[in-house]
Amino acid sequence: MILTSTAESRLLDKIAMTEYGLPEAVLMENAGRAVVSRMREFTDWEGAFTVIVCGTGNNGGDGFVSARYARGAGARVLVILMGDPSHMGESAKMYRKTAEKMGIPVIEVMEAEEAVPYLYDADIIIDSLIGTGLASKVKGEKAALIDIINDTDALVVSTDIPSGLVTDTGRPAGTAVNADFTVALGSVKRGHVLYPGSEHTGRLLFSPIGIPEEASEDFPVRLLFREDIAPLLPVRNQISHKGKNGFLGIFAGSSGMEGAALLAGQGALYAGAGKTAIITTGDAAPIMAGKFPEIMVSSIGNGPHFTEDMAEAALEKAKAYDVIAIGPGIGRDEETVKFVKKMVENFEKTIILDADGLYAAAEAKIDFKSCPGRLILTPHVGEFARLTGLSASEIEEKRIDAASDFSKKNRLVLVLKGAPTVIGLPDGRSYVNTTGNPGMATGGMGDTLTGVIGAMAAQGMSPSSSAAVGVYLHGLAGDLAAETTPVGYRVTDLARLLPKARAQITEMDE
Ligand SMILES: NC(=O)C1=CN([C@@H]2O[C@H](COP(=O)(O)OP(=O)(O)OC[C@H]3O[C@@H](n4cnc5c(N)ncnc54)[C@H](O)[C@@H]3O)[C@@H](O)[C@H]2O)[C@H](O)CC1
Ligand SMILES: [K+]
């Protein structure tokens with residue numbers, strides 16, 4: 001499913017109207033009706049005192065349509081209109097008249113205070129004050145009205161996007177409605193999935209409004225749902241044997257940081273890699289040996305961490321692997337930085353670069369475009385800040401564009417971890433993941449994800465698909481873990497749920 005910016009959602013409306021001949025009034029009718037029909041599953045309109053708060057834009061127009069359908073569903077309805085009615089567009093004006101013709105009371109208010117008696121009495125409030133047309137910081141009486149809506153204990157349903165939320169960034173423009181439900185109309189917007197927009201949105205529902213799918217087929221940002229992932233998963237047929245499911249070599253660990261390497265290996269194991277090897281340093285190997293009988297642990301050179309002179313032997317060893325991962329627990333010694341540089345600039349198959357492997361890449365100023373291999377980088381915001389020179393807040397402000405700009409410029413796959421995780425593709429398109437939860441913000445989750453993505457790539461998937469499936473699966477396993485223990489579940493609990501998550505994806509596909 002596509003994820004749109006404000007400009008893209010406006011373009012979609014325009015294409016629908018001009019190229020497909022769908023009048024604005026039809027889109028608006030579909031929108032207003034969708035809000036009421038999608039909510040039937042979650043609330044009983046019958047007898048509910050419903051106050052529809054309308055602005056003077058098309059979001060308000062949707063609200064006048066919703067008033068009719070809520071009435072039709074048995075609710076007692078009343079419309080509060082705030083703003084200069086002369087600003088209303090033709091469709092919105094028309095639907096106001098329709099509602100009034102049916103005897104639906106429309107109360108024009110200039111001050112938020114006037115709306116107080118109705119709002120505090122409401123069972124349900126439909127928030128149709130401002131949608132994607134938010135122009136700047138919400139000012140004056142509309143801001144006060146939003147704060148009153150948030151203060152009531154009515155069930156709040158936002159039309160298209162919570163009023164006051166900036167569609168492109170998910171940030172409140174001064175203040176924003178805290179909705180219990182938001183019905184996204186025609187497309188899911190970036191503000192619905194970017195933090196804190198995802199909190200203001202509440203439970204996100206989606207409804208098409210008649211815009212043909214073709215209109216958006218080349219839009220660059222897509223949300224990853226199960227139906228996007230299922231077709232990408234390699235089918236494990238009966239005769240499949242470990243050789244077919246690929247060989248992943250994980251160059252990881254150092255003295256005192258053996259755990260990260262083991263967690264990456266564990267992630268690969270439970271994600272179905274055919275064979276998994278951990279290659280580590282002389283001092284770290286004995287600590288790891290035997291922890292997972294299925295994982296071959298070997299070492300190159302002696303000493304506490306990787307050094308440049310180990311690179312030749314490592315590249316020799318790496319010939320046996322289909323995919324390698326570099327980084328979990330390798331440390332930041334300058335010799336290790338040189339080791340990583342040699343590996344990344346000479347290995348010709350797929351490399352997942354993570355954790356201190358990313359630190360090394362930034363320190364050594366590796367020119368990713370000139371590397372012979374297919375790269376997948378998996379930074380969290382801090383590692384990405386070091387790679388790009390952007391600050392963490394600059395990145396969070398434009399997480400989707402920051403990821404896709406970087407992946408396009410460096411012609412690689414970038415997994416920008418966080419809420420939500422964004423996958424930038426070499427051609428500048430991007431995926432936004434829809435699985436995962438706050439319980440996953442703990443040490444070792446990233447190491448595990450490296451192993452999961454490595455396992456997907458080892459099973460023959462392209463770097464883009466490996467990243468998409470790996471991130472989705474990892475988050476889904478985290479959601480399964482959270483079902484039993486909301487917070488405080490261990491990374492290992494998540495890893496052990498990977499096979500169940502994978503089965504859940506393929507089962508539902510049959
Ligand atoms: N375009 C279409 O074909 C369809 C759009 N749909 C709905 O329309 C809105 C977008 O409508 P738009 O007319 O562009 O503006 P809004 O109604 O979202 O907002 C304008 C409204 O808000 C007030 N306002 C704007 N900025 C501020 C501010 N900073 N402070 C206070 N008030 C502000 C302005 O005065 C107007 O009253 C979209 O979200 C959909 O809901 C249909 O769904 C489908 C057809
Ligand atoms: K709204």
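Thresholds, definitions, all that
- Residues numbered from 1 in each chain as written.
- Chains lettered and ligands numbered in written order.
- Predicted model: local features only at pLDDT ≥ 70, side-chain atom pairs only at ≥ 80, totals over all residues.
- Heavy atoms only, no water.
- Helix = DSSP H or I, 4+ residues; strand = E, 2+ residues; numbered from the N terminus.
- Buried < 20%, exposed > 50% of the residue type's maximum accessible area, 1.4 Å probe, protein only.
- Contact = heavy atoms within 4.5 Å.
- Donors = N, O, S within 2.8 Å, 3.2 Å for Na, K, Ca; no water.
- Tetrahedral: all angles 85-135°; square planar, octahedral: opposite > 155°, others 65-115°.
- Pairing = 2+ DSSP bridges.

- The protein chain appears in an unreviewed UniProt entry as Bifunctional NAD(P)H-hydrate repair enzyme from Dialister hominis.

### Things to note about unusual backbone geometry
Piece 1. Note the cis peptide between Y195 and P196, where omega equals 0 degrees.
Piece 2. Positionally, P196 belongs in the loop between α7 (190–193) and α8 (197–201).
Piece 3. Cis geometry marks the peptide bond from A419 to P420, where omega comes out at -5 degrees.
Piece 4. When you line up the elements, P420 lands in the loop between β17 (413–416) and β18 (422–424).

### Considering the environment of P105
Piece 1. Within the fold, P105 resides in the loop between α4 (90–101) and β4 (106–109).
Piece 2. Its relative accessible area of 36% is what places P105 among the partly exposed residues.
Piece 3. Sequence-wise, P105 and G382 are 277 residues apart; in three dimensions their C-alpha atoms are separated by 53 Å.
Piece 4. Each residue touching P105, except ones within four places of it in the same chain, is listed here: V77, L78 and V79.

### Notes on the coordination of the potassium ion (ligand 2)
Piece 1. Coordination of the potassium ion (ligand 2) by the protein is provided by N59 (OD1), D127 (O), I130 (O), T159 (O), I161 (O) and S163 (OG), with metal-donor distances spanning 2.7 to 3.1 Å.
Piece 2. In this structure, the potassium ion (ligand 2) is coordinated by six donor atoms arranged in irregular fashion, with angles at the metal of 64 to 175 degrees.
Piece 3. Along the chain, the residues donating to the potassium ion (ligand 2) fall in the pattern N-x67-D-x2-I-x28-T-x1-I-x1-S. Pair noted here: N59 is in helix α3 (residues 58–72) and I130 is in the loop between β5 (124–128) and α6 (140–151), with a separation of 71 residues, a long-range link.
Piece 4. Note on N59: relative accessible area 9%, which makes it buried.
Piece 5. Of the residues examined, I130 reaches a relative accessible area of 13% and is grouped as buried.

### Structural notes on the pairing of β17
The two faces of a sheet get side chains in turn, since along a regular strand they alternate between them.
Piece 1. What you see with β17 is no split at all: V413 and V415 on one side and L414 and L416 on the other are buried throughout.
Piece 2. Here strand β16 (residues 374–377) runs beside β17; their pairing, made up of two bridges, is parallel. Opposite L377, over in β17, you have L414 as the bridge partner.
Piece 3. Direction of pairing for β17 relative to β18: antiparallel, over a ladder of three bridges. Each bridged residue has a counterpart across the sheet, and for V415 the counterpart in β18 is I423.
Piece 4. Hairpin connection between β17 and β18: a loop of five residues separates the two successive antiparallel strands, and G418 in this loop has a positive phi of roughly 145 degrees.

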